[in-house]
Each structure stands twice: as C-alpha cells, then as structure tokens.
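Here is how the chains run, residue by residue.
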Amino acid sequence: MNASFRQIAAVFPAMPTQDGAGVSLKRALGQSDRQRMDPYLMMDVFFSNDPKDYLAGFPSHPHRGFETITYMLEGNMLHEDHAGHRGELKTGGIQWMTAGKGIIHSEMPQQVDGAMRGFQIWLNLPSAEKMKAPAYQNIEAANLPKVPLAQGGEITLIAGQLELGGMRYQSPVQASATRPLIADIRLEAGETVELPISEELNALLFLFEGEAEVEGKKLNFDQSALLTAGNALRLKAGERGGRAMLLAGKPLNEPVVQYGPFVMNSVEEIRQAIDDYNSGRFVG
C-alpha cells in the first residue's frame, strides 16, 4: 500500500489554566467545544519545577462517561478512588481510569519539591459504554513498549499498537470502540520517522520539546496540530531534536454534552449524572 502522508490541517497553542485545587497547567486540547478531536475530549499538560504550581493537587472529585489517561514524565502522584483502587504513578508510568457510570477519585502529589511533568488525557466512551462499571489500571514504565528508532530516537507506546521496522508493538492498554493510539515520540536532531496510522483514525500531534515539522510545515513548541486524513505520519525533528505526543483514535460521531467532570450524550443524561452524584448514587 502506498503511503498517504498526513499534513497539518490546523494549529492552536496550549492555553494556560488551572484545575483541581489550583494546579497550574496548560490545556493543549479541549480549550473549547470547537477544539476537540473525536474521540478525545481534552489533554492537559503540567510542567513545573515550582511546588506552588502543583502541591494542591486534585482532591476528591467525580467523573462519569469517559476515560482518563495520566502519563507521568517526572514526579510522583497518588491515585485513590471510592471503588477501592489505589495506585502510585511514578516517572514514566501511566494510569488508565475508566469512569464509566461514576467514580470519585483524588490525584495528589507525593513530593514537596522537584519537577512535576506529565499529561492527562480525556478519552470519550461510546454511548453504549458510558454506564459501564468503573475500572482502573496502573502501569509502570517498564511495562510500556519502547520502540527504538534508526537514528537514536525512541517511541514510548502508551496505548494501542504500532507496526514499525517489521516489528509489532502493543501497549497493555487497548480500547476496542475508540482504538486509541497514544505515543510519546522522541527524535534526535534532524531525525525523521514514518509511522503507519490507520485511515479510520483521527490524529493530532502536540510538540512539547524542541522543534519538528510535518510535510514541510513547522510545528512550534507548545502547539497542537490537527492532522489531515491519510494512512501514515512523517515527522521530522529540527536541529535541537523534538518530542511530541501523538493522539489518534476512531471517532465515535456521537453528540457530546459536557458539564465539568461529566460527559454524556444529552442534557437529560447530564442532569441525571448531577442528581446521582448529589444523591450519593455514585458510591451506592
């Protein structure tokens, strides 16, 4: 099959904001209803060496109707939820939480100084799965596939599967409905990588280190790029190298109605989520 390389369709910058109990972060996806990419709802980036930016953490709060993926580049965060799940997220690891019909959890830093760097991604659930039982996985760095590249770079496969160089790599995390492909792509100076991405998937890149370009169009630091249709991605790093998060997934093509931590398909379902939470039915 001939490669049809994806190009940059639109670019938008990560926007500073706060979440939780006052954690400073940047929103790289989901700044508005128009800056989403089905099936992804949001991607937040937290990069700071200042404890004042992250120590307050994310105290107990609810979710319904989607999944959260937290990927820690540096730092230590503790997850606890009402269903009895508990996990310590350490450097290089991920936590995958399926909120489903309802979960109440907290994510609190387990450090008082040093760097806290990472991502939280919100992945939508199809209507048929929004009320499934909540679930949780904690996956350490050693259990995530590392894909070596020809010029010294490396891909960390967070979700999905990838075929490259005659090898097939598969993350411990899969989701059949949305088929997420999530990868941390690190390239050395001037390095180019070509990755197959199914034509069925939407795709986005977020550059968080160095510089890079897609089919001759430059992507700047802290920018997200929505990509056109195609069956492959060709990413080239600049003179200082580059590092980007790749999000790809199969669109659900369903209505999205969000009210804070609840993401459903209708206003009526949002009202029900609020009522269920206020009435204690999330933990019942």
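None of these values were measured; they are calculated from a predicted model. (Residues numbered from 1 in each chain as written. Predicted model: local features only at pLDDT ≥ 70, side-chain atom pairs only at ≥ 80, totals over all residues. Heavy atoms only, no water.)

1. As for the overall build of the protein chain
Thought 1: On a plain count of helices and strands, the protein chain comes out with one helix and 24 strands.
Thought 2: Relative to a compact globule of 284 residues, whose C-alpha radius of gyration would be 19 Å, the protein chain shows 18 Å and is just as compact.
Thought 3: Taken along the three principal axes of its C-alpha coordinates, the protein chain extends 55 × 45 × 30 Å.
Thought 4: The 284 residues of the protein chain split such that 54% are buried.
Thought 5: Excluding contacts between residues fewer than 6 apart, the proportion of contacts in the protein chain whose partners are at least 24 apart in sequence is 72%.
Thought 6: Of the roughly 12500 Å² that the protein chain leaves accessible, carbon and sulfur atoms contribute 47%.
Thought 7: The centroid of the 26 positive side-chain charges in the protein chain is displaced by 2 Å from the centroid of its 34 negative side-chain charges. (Helix = DSSP H or I, 4+ residues; strand = E, 2+ residues; numbered from the N terminus. Rg over C-alpha atoms; globule rule 2.2 N^0.38 Å. Buried < 20%, exposed > 50% of the residue type's maximum accessible area, 1.4 Å probe, protein only. Contact = heavy atoms within 4.5 Å. Areas by Shrake-Rupley, 256 points an atom, 1.4 Å probe, with all protein chains shown as cover. Lys, Arg positive; Asp, Glu negative; His and termini not counted. Charge placed at Lys NZ, Arg CZ, Asp CG, Glu CD.)

2. Description of the packing of aromatic side chains
Thought 1: Scanning the model with the defined rule gives nine aromatic pairs in all.
Thought 2: Between the aromatic rings of Tyr 71 and Phe 119, the centroid separation amounts to 6.5 Å while the plane-to-plane angle is 15°, which identifies the pairing as stacked. Highlighted residues: Tyr 71 in strand 6 (residues 66-74) and Phe 119 in strand 11 (residues 116-124), separated in sequence by 48 residues. Grouping residues by exposure puts Tyr 71 and Phe 119 together as buried.
Thought 3: A centroid spacing of 5.6 Å and a plane angle of 65° characterise the contact between Tyr 277 and Phe 282, whose relative ring orientation is edge-to-face.
Thought 4: One aromatic cluster in this structure is built from Phe 47, Tyr 71, Phe 119, Phe 206 and Phe 208.
Thought 5: Taking NZ or CZ as reference, Arg 117 lies 4.5 Å from the ring centre of Phe 47, over its face.
Thought 6: Over the ring of Phe 5 we find Arg 234; its NZ or CZ atom is 3.8 Å from the centre of that ring. (Phe/Tyr/Trp six-rings, centres within 6.5 Å; stacked < 30°, edge-to-face > 60°. Lys NZ or Arg CZ within 6 Å of the ring centre and 35° of its normal.)

3. Some points on the sheet that holds strand 3 (residues 23-29)
Thought 1: Spatial strand order, 2-3-4-11-6-9-12: seven strands in an open sheet with antiparallel pairing. Of all the strands in the sheet, just strand 2 (15-19) and strand 12 (135-139) have a single pairing partner and so form its edges. Direction aside, the axes of adjacent strands within the sheet are offset by 20° on average.
Thought 2: Note: strand 9 (residues 94-98) against strand 12, five bridges, orientation antiparallel. Pairing of Trp 96 across the sheet is with Gln 137, part of strand 12. (Pairing = 2+ DSSP bridges. Axes fitted to C-alpha atoms, helices over the stretch in contact; angles between N-to-C directions.)

4. Some thoughts on the sheet that holds strand 8 (residues 86-90)
Thought 1: Taken together, the four strands give an open sheet; going across it, the order is 5-10-7-8, and neighbouring strands pair in antiparallel fashion. Edge positions in the sheet fall to strand 5 (58-63) and strand 8, since each has one partner strand and no second. Geometrically, the sheet is characterised by an average inter-axis angle of 20° between neighbouring strands, direction not taken into account.
Thought 2: Where strand 5 and strand 10 (residues 103-109) come together, four bridges link them in antiparallel fashion. Looking at strand 10, one finds that His 61 is bridged to His 105.

5. Structural notes on the environment of Gly 22
Thought 1: Within the element layout of this structure, Gly 22 appears in the loop between strand 2 and strand 3.
Thought 2: Its relative accessible area of 24% is what places Gly 22 among the partly exposed residues.
Thought 3: In sequence terms Gly 22 and Ile 94 are 72 residues apart; their C-alpha atoms lie 22 Å from each other.

6. Observations concerning helix 1 (residues 267-278)
Thought 1: The terminal C-alpha atoms of helix 1, which comprises twelve residues, lie 17 Å apart, in line with the 16 Å expected from a rise of 1.5 Å per residue.
Thought 2: Looking at helix 1, one finds that the buried residues are Ile 270, Ala 273 and Asp 276. Down the axis of helix 1, the buried side of the element spans an arc of 125°, and every buried residue falls inside it. Seen from the open side of helix 1, the exposed residues pointing more than 90 degrees away from its buried face are Glu 268, Arg 271 and Asn 278.
Thought 3: Among the structural elements, strand 23 (257-259) and strand 24 (262-264) are those in contact with the buried residues of helix 1. (Expected span 1.5 Å × (residues − 1). Arc of directions from axis to C-beta.)

7. Quick word on the side chain of Thr 68
Thought 1: Mapped onto the secondary structure, Thr 68 falls in strand 6.
Thought 2: In this structure, Thr 68 is in contact with Gln 95, Trp 96, Met 97, Gln 120, Ile 121 and Trp 122, ignoring residues within four places of it in sequence.

8. Some remarks on the UniProt feature "domain: Pirin C-terminal" (unreviewed entry) in the protein chain
Thought 1: According to UniProt, the feature "domain: Pirin C-terminal" (unreviewed entry) maps to residues 183-282 in the numbering used here.
Thought 2: The span residues 183-282 is 12% helix and 55% strand, and its two end C-alpha atoms sit 32 Å from each other. (UniProt positions renumbered as here; feature names shortened; annotations may be inferred.)

9. Structural notes on the pairing of strand 16 (residues 167-170)
Thought 1: As paired strands, strand 15 (residues 161-164) and strand 16 are joined by four bridges and run antiparallel to one another. Across the sheet, the residue bridging to Gln 161 is Gln 170, located in strand 16.

10. Quick look at the environment of Ala 28
Thought 1: Mapped onto the elements of the fold, Ala 28 is located in strand 3.
Thought 2: For the pair formed by Ala 28 and Phe 206, sequence separation is 178 residues and the distance between their alpha carbons is 7.3 Å.
Thought 3: Those residues within four positions of Ala 28 in sequence are excluded, and the remaining contacts are Phe 12, Ala 14, Met 43, Val 45, Phe 206 and Ser 224.

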